[in-house]
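# Observations on chain architecture
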Amino acid sequence: MRKKCFIFLTLCALVATSVVAQGLSVSAQSALLMDAHSGRVLYAQNADQKRLIASTTKIMTAYVALQSANPDDKVTIQKAHTLVEGSRVYFKEGDVLTVRELLIGVLLQSGNDAALALADHCGGKEGIDGFVVRMNEMAAKLGMKNTQFANPHGLNDDGHYSTAKDMALLASAAMQLPEFAAISAKKTGGVGEITVRNHNKMLWNYDGANGVKTGYTQMAGRCLVSSAERNGQLLVAVTLDAPSDWDDHARMLDFGFTNFPERRLCTKDSFLVELPVVAGVEGMVDVHVRDTLTRALKEEEARFVRAEVTLPRFVWAAIEQGETVGKVRYWLGEELIGESELYANATVSEQAVTPFWQRIFGMMSELSDTSDAV
């Protein structure tokens, strides 16, 4: 086993990492603000309290549908889809639409009929029931520990609930899907011959807003999951049962962008250090960072980030370009806030070694040549 050495690049001393809301308050019964790229929670209020989530359910409906079907797939509307109560696009039995059009109906118009049609199409032989099973499987995969889905539209059901924290995890994952993000950001969209308007007023009223989904029932109250991007930083805000949700979200997002800007820890493919190579045609190889790492940090926190680089004292040839040779980790206090592999940025071949008997024969040949010359 090769002996490892540990190089500590200490940027500063350790500090506590608790988030202070600096007077921020919201009308919501439950709320959470998250940096989508890192998953860091920037503000929370009753964030793990299980609550009804109304049509914000449709974030999961769209997320699962996009991973189950091609957006250009054709779906035929069944009579059962048209009989659902609540918000609808008002399809007719026999209408044929693409999955993409149904997604627009789900995310912009919040159509319960569109949600049922998507679930029926993507649920396989089990139809809508099978789709709901997939929704719950995906919730478990995303770490949504306090969530259970009973339907794809969000109408009230005792077995249908989530939390502000879980919905933020879901929205952060969904916004990584290009098709979801593109549809969620639309102010208007076409569903067949119908033009629908997005219910999310944040798209008009907040600079950088690009998603995600509204919801309301009398029992659930006003529910909203929003997202906004500035300078490459994506924040997700969630409020459940919030009388003043638009104002809540504007103040939460302002708080996040102002106090926790995204700061770069390291840059993909950047040079870090030279590493000795034993028995190679070159004596050193450049070590580079494999990933770009960012973190939402307050100014006073950024001064206390600690980088820990783990590398061997040397490597033996041959080394292939791109081969992993170490790791860099970034810490804030006792919290690991990012890590990336380190790799060799060049191929270093093994140096050819001349056997002892060949070296002796070569020396004798040189002496013989010299004698003849004399």
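Above this text is the structure in question.
Residues numbered from 1 in each chain as written. Predicted model: local features only at pLDDT ≥ 70, side-chain atom pairs only at ≥ 80, totals over all residues. Heavy atoms only, no water.

### Observations concerning the overall build of the chain
Note the cut-off: Secondary structure counts use DSSP, requiring at least four H or I residues in a row for a helix and at least two E residues in a row for a strand, with both numbered from the N terminus. We call a residue buried when its accessible area falls under 20% of the maximum for its residue type, exposed when it is over 50%, and partly exposed in between, using a 1.4 Å probe and counting protein chains only. Throughout, a contact is declared for two residues whenever any of their heavy atoms are within 4.5 Å. Throughout, the Shrake-Rupley method with a 1.4 Å probe supplies accessible areas, and for residues the shown protein chains are the sole cover considered.
Within the chain one finds 11 helices and 18 strands. Buried positions account for 47% of the 374 residues belonging to the chain. Long-range contacts, defined as pairs at least 24 residues apart, comprise 64% of the intrachain contacts of the chain with a sequence gap of at least 6. Per element, the accessible surface of the chain, about 18200 Å² overall, is 50% carbon and sulfur.

### As for helix α3 (residues 99-107)
Because each turn of an α-helix spans 3.6 residues, side chains separated by three or four positions end up pointing in the same direction. Within α3, 7 of the 9 residues are buried, which leaves the element mostly enclosed by the surrounding structure. Listed in full, the buried residues belonging to α3 are Val99, Leu102, Leu103, Ile104, Gly105, Val106 and Leu107.

### Some thoughts on the pattern of salt bridges
We count it as follows: One speaks of a salt bridge when a side-chain nitrogen belonging to Lys or Arg is within 4 Å of a carboxyl oxygen belonging to Asp or Glu.
Evaluated as defined, the whole model comprises 14 salt bridges. Glu300 is the salt-bridge partner of Lys298, the closest N and O atoms lying 3.6 Å from each other. Using a relative accessible area of 39% as the deciding quantity, one classes Glu300 as partly exposed. When salt bridges that share partners are traced, they join Arg306, Glu308, Lys327, Arg329 and Glu339 into one network.

### Some points on the nonpolar core
Rules: Side-chain atoms within 4.5 Å link the members of a nonpolar core, which is a set of buried Ala, Val, Leu, Ile, Met, Phe, Trp, Tyr and Cys residues.
By size, the foremost hydrophobic cluster in this structure holds 60 residues, and its most contacted members are Met60, Leu102 and Phe180. Residues within four places of Leu102 in sequence aside, it is in contact with Val75, Ile77, Phe91, Leu97, Ala114, Ala117 and Leu118. By size, the runner-up hydrophobic cluster in this structure holds 24 residues, among which are Cys266, Val277, Val287 and Leu297.

### A few points about the packing of aromatic side chains
In plain terms, the rule: Classification of ring pairs uses Phe, Tyr and Trp, with its six-membered ring standing for Trp, and accepts pairs whose centres are within 6.5 Å; under 30 degrees between planes counts as stacked, over 60 as edge-to-face, and the remaining range as tilted. To sit over a ring, a charge needs its Lys NZ or Arg CZ within 6 Å of the ring centre and within 35 degrees of the ring normal.
Applying the stated criterion across every chain yields a total of 2 aromatic pairs. Here Phe314 and Trp316 contribute two aromatic rings whose centre-to-centre distance is 6.2 Å and whose plane-to-plane angle is 80°, an arrangement assigned as edge-to-face. Residue classification places Phe314 among the partly exposed residues on the basis of a relative accessible area of 34%. When its relative accessible area of 45% is taken as the criterion, Trp316 is described as partly exposed. Across the ring face of Trp204, the terminal group of Arg197 is positioned such that the distance to the ring centre comes to 4.2 Å.

### Considering the sheet that holds strand β8 (residues 209-217)
The condition that has to hold: By definition, two strands form a pair when at least two bridges between them are found by DSSP. Under this scheme, a helix contributes an axis fitted over its contacting stretch, all axes are lines through C-alpha atoms, and angles between N-to-C directions fall in the 0 to 180 degree range.
Taken together, the 5 strands give an open sheet; going across it, the order is β3-β2-β10-β9-β8, and neighbouring strands pair in antiparallel fashion. Edge positions in the open sheet fall to β3 (41-45) and β8, since each of these has one partner strand only. Adjacent strand axes in the sheet meet at a mean angle of 5° when their direction is disregarded. Both strand β2 (residues 30-35) and β3 contribute to a ladder of 4 bridges, which runs antiparallel. Paired with Leu33 across the two strands is Tyr43, which belongs to β3.

### Considering the side chain of Asp166
Convention followed: We count Lys and Arg on the positive side and Asp and Glu on the negative side, and we leave His and both chain ends out. Under the rule applied, a polar contact is a pair of N or O atoms within 3.5 Å (in protein, one hydrogen donor and one hydrogen acceptor; residues adjacent in sequence only if both atoms are side-chain atoms).
Its place among the elements puts Asp166 in helix α6 (residues 164-174). Despite its burial, Asp166 pairs with no opposite charge, the nearest such side chain being Lys165 at 6.5 Å. Of the polar contacts made by the side chain of Asp166, one reaches the backbone nitrogen of Asn146; its length is 2.8 Å. Dropping the residues within four chain positions of it, Asp166 is found in contact with Gly143, Met144, Lys145, Asn146 and Thr147.

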